[in-house]
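Notes for the structure review
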Amino acid sequence: MNLLDGPGAGWPLRPRVGGALLVVACLLSAASASSAPVRRGGEVLWDRYGVPHVYARSTPDLFYGFGWAQMKSHGELLLTLYAEGRGRAAEYFGRDELQSDRWMAINDVAGRAQTWLEAQTPEFRADLEAFADGMNAYAGAHPEALSDASRRVLPVSGADVVGYAERLFQYVYIAPQSLVEHLPPNSTPPGTAEPPGSNGWAIAPSRSASGKTMVLMNPHLPWGPGWSTYYEAQLSAPGIDLYGATQVGLPVLRFVFNDQLAITNTVDKTGGVTFYKIVPATGGYMFDREVRPFGEREVKLKARRADGGFDIETVRVRSTVHGPVVGERDGAPIAMRVAGLDRPRALEQTWKMATARSFADYQAALAMMQVPTFNILYGDRDGHIEYLFNGLVPRHSFGDLAYWSGVVPGDRSQSLWTSYLRYDELPKAIDPPGGVVQNSNDPPWNAAFPATLDPLPYRANIAADVVSLRMARGIRMLAEHDKITFDDLLAARWSTRSELADRLLPDLEAAANAYGDDLAKQAAAVLRRWDRTCDADSRGSLLFLAWSDRLGRPDGYTESGFGTPYSLTHPLTTPAGLADPHAALAALDAAARGMLASQGALDSPWSKVMRLRWSGVDLPVSGGPGRLGVFNVIDYAPAKDGVRAANFGSSFAAVVSLDSPTRAKVLMSYGDAAPGSPHAVDQAPLLSKEQMRDAWRTRSEVEANLESRDVF
């Protein structure tokens, strides 16, 4: 049986107009990529939070409806993202997009897109084309909803869909252009923004108070409209009923649940990009003691001027056996090799994972090895749970992680990786005895704490010792309960306690009492009274953040600055303490003086400065930066008028119990529609109050909360 078209309950359109079934055929506009109008069958029910519930009579129709919904909710953003994936955003929107277009040209993303589309199975290619058709149909029916600039991008095609997915996975997550500016690639340096991250847990029936599998989903990404914007939806067709979220522009749900399973992702580091130092020679470059010619091509980019004309820029691309030349170091070219350019079916694998009917089906989908990155956590109704360090991990025959994370010699074939670890070789934990798997962007070794995986065989691929105090905080909360309830999971999702404070404040207080001045002792007293959370009404958290940021190290991501180093086998007690109490005391003095100058007090509440502030909303908020070892990550923009507005962190969140039927609470921090829509701000009060919504999954629940209906 084809999983995409299995048996189901039938097309769920309700009778209308005197009991007759009204089917409205939306013909594609003249801008559509299709050669002839296509009659589709289905409807989108929009609930009062602007979440689309797409009901369709077939799988292609479902993709069509999902494309329609995304265009309606996020049309301007969607077309901008697709223009960027095409490498022609400057042509449509102006020269501010040239940097992105150059990166796409260097890496030939648009040139690869049509080839990738042709590599899909016929069934899934039809789904991708239907997704594009749905977007075009909405744009054709509602041209007033889009700007003149965005309409220039139309029509979109199936090639745009796979091209954008490639741009997102390979050239935003794995090999962003920023890496070239900081060779060799390293972890986030001090003072920079929070790295992309997430929390994910799966709880087996043996650890669940209800005896049912539970899953926590909580990605953390920037909140501004862009590639990181999540979109919540329900997708229903015969044999298919999926609820969850994905990034705008993707046709499949990355965070997904139904009555059979739940799947969530976190960002991992697969080592899927390698930089090579090329040795130039007359007529080309050296490789295995021979001169090889550079591959050469030219791409002409158009940049729209304000007067409507265009400036033309020629990008000349050189390439080697490793990949394109992306920069230079010490006068030598640097070439870049990116994993997954031979794996075009990441979207189809994601779809097959979501629509798996059994654990065996799910394993078969994972074994496709098309999705190039992301940890994957899974739980199902039959009681199985799994953590997978997923991705295309290059197979290295020698060296260690430090070697492959630097700039590698490019003049010899022994350093040119050509294959990846197989699925059976990747680190994973399936149904561990502890009944829990977790990940907070840490390496895989403590996924099933206590550790069940040995890092030694992966020393050339995956970090062995990486500090993650957010992971430690999560493990600590999981360990607090022999049996975990649904409410325990909800409470953990909102936890803002600082693991960093727990590790450092005893040493800081001792230093202040031993040789601090009066101000240092006053500051230490405030921190002693502090509840060590970043809750909205917490007093002491602003002072602690100011102190830890001034200190620079230690923090929740690196080992530097701690008195006791990190031990892989003791994540709940290491790293800890201050390596330099005198420097810490000096930072405390500076932080205290800064607090008095800016706030007039050492113990101003968190919400005096940290706020939800956008589109007319101004609310207190709980949540802190991940560098503080806070589980509920929210970070904030630099201060403006004395306020730091939340702009990063907990985006989509879901707490799922695979009961009969599945029970779920969800929240989209910044709403499920573009800025300017009421649905861009309507969930902010819930976030401020630390509340989540019921996921409306039955048709009766959706219709009881119905705002509008689109029939196609």
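As a reminder, the structure under discussion sits directly above these lines.
Sequence positions are assigned chain by chain, starting from 1 and proceeding in written order. Residue-level local features of this predicted model are given only where pLDDT is at least 70; pairs of side-chain atoms are given and counted only at 80 or more, and the full residue set underlies all totals for whole chains, interfaces and linings. With hydrogens and water stripped out, all remaining heavy atoms of the structure feed into the side-chain values.

1. A look at the sheet that holds strand S19 (residues 407-409)
Two strands pair under a simple rule: DSSP has to find at least two bridges between them. Per the convention used, a helix needs a DSSP run of H or I reaching at least four residues, while a strand needs a run of E reaching at least two, with both numbered from the N terminus. Judged by pairing direction, the sheet is mixed, and its four strands sit side by side in the order S15-S16-S9-S19 without closing on themselves. The two strands at the open ends of the sheet, each matched to only one other strand, are strand S15 (325-329) and S19. The mean inter-strand angle of the sheet, taken between neighbouring strand axes irrespective of direction, is 40 degrees. With five bridges connecting them, strand S9 (residues 273-277) and strand S16 (residues 332-338) associate as antiparallel partners. Bridging across to S16, Tyr-276 finds its partner in Ala-335. In this description, a line fitted to the C-alpha atoms serves as the axis of each element, helices being fitted only across the stretch in contact, and the angle between N-to-C directions of two axes falls anywhere from 0 to 180 degrees.

2. A short note on helix H14 (residues 518-529)
Taking 1.5 Å per residue as the helical rise, H14 with its twelve residues ought to reach 16 Å, and the 17 Å between its terminal C-alpha atoms agrees with that figure. For every residue, the accessible area (1.4 Å probe, protein chains only) is compared with the maximum for its type, and the residue is labelled buried under 20%, exposed over 50%, or partly exposed between those bounds. For H14, the set of buried residues is Leu-519, Ala-520, Ala-523, Ala-524, Ala-525, Val-526 and Leu-527. A 3.5 Å cut-off defines polar contacts: any pair of N or O atoms within that distance qualifies, except that in protein one atom must be a possible hydrogen donor and the other a possible acceptor, and neighbouring residues in sequence count only when both atoms are side-chain atoms. Capping the start of H14 is the job of one residue whose side-chain oxygen sits 3.2 Å from the backbone nitrogen of Leu-519: Asp-517. One less than the number of residues in a helix, times 1.5 Å, gives the span that helix is expected to have.

3. Quick look at the side chain of Ser-688
Following the sequence through the fold, Ser-688 ends up in helix H18 (residues 684-688). Filtering out sequence-adjacent residues up to four positions away, Ser-688 remains in contact with Leu-612, Leu-619 and Pro-620. The contact criterion used throughout is that any non-hydrogen atoms of two residues lie within 4.5 Å.

4. Side note on the packing of aromatic side chains
The geometry of an aromatic ring pair is captured by the separation of the ring centres together with the interplanar angle, meaning the angle of the planes. Classification of ring pairs rests on two measures: the distance between centres of Phe, Tyr or Trp rings, Trp counted by its six-membered ring, which must be within 6.5 Å, and the angle between planes, read as stacked under 30 degrees, edge-to-face over 60 and tilted in between. What the rule picks out here adds up to 30 aromatic pairs. Aromatic side chains Phe-63 and Phe-124 sit 5.9 Å apart centroid to centroid with 90 degrees between the ring planes, which places their arrangement in the edge-to-face category. Taken as a pair, Phe-63 in helix H1 (residues 59-86) and Phe-124 in helix H5 (residues 122-141) lie far apart in primary sequence, 61 residues in all. Their ring planes at 35 degrees and their centres at 5.6 Å tell us that Trp-445 and Tyr-458 sit as a pair that is tilted. Pair noted here: Trp-445 is in the loop between strand S21 (436-439) and helix H11 (469-479) and Tyr-458 is in the loop between S21 and H11, with a separation of 13 residues, a long-range link. The class of Trp-445 is buried, set by a relative accessible area of 1%. Judged by its relative accessible area of 16%, Tyr-458 falls in the buried class. Connected via pairs of aromatic rings, a cluster forms that spans Phe-169, Tyr-173, Trp-227 and Phe-374. Only Lys NZ and Arg CZ are tested; either one counts as a charge over a ring when it is within 6 Å of the ring centre and within 35 degrees of the ring normal. Positioned over the ring face of Tyr-49 is Arg-693, at 4.9 Å from the centre of the ring.

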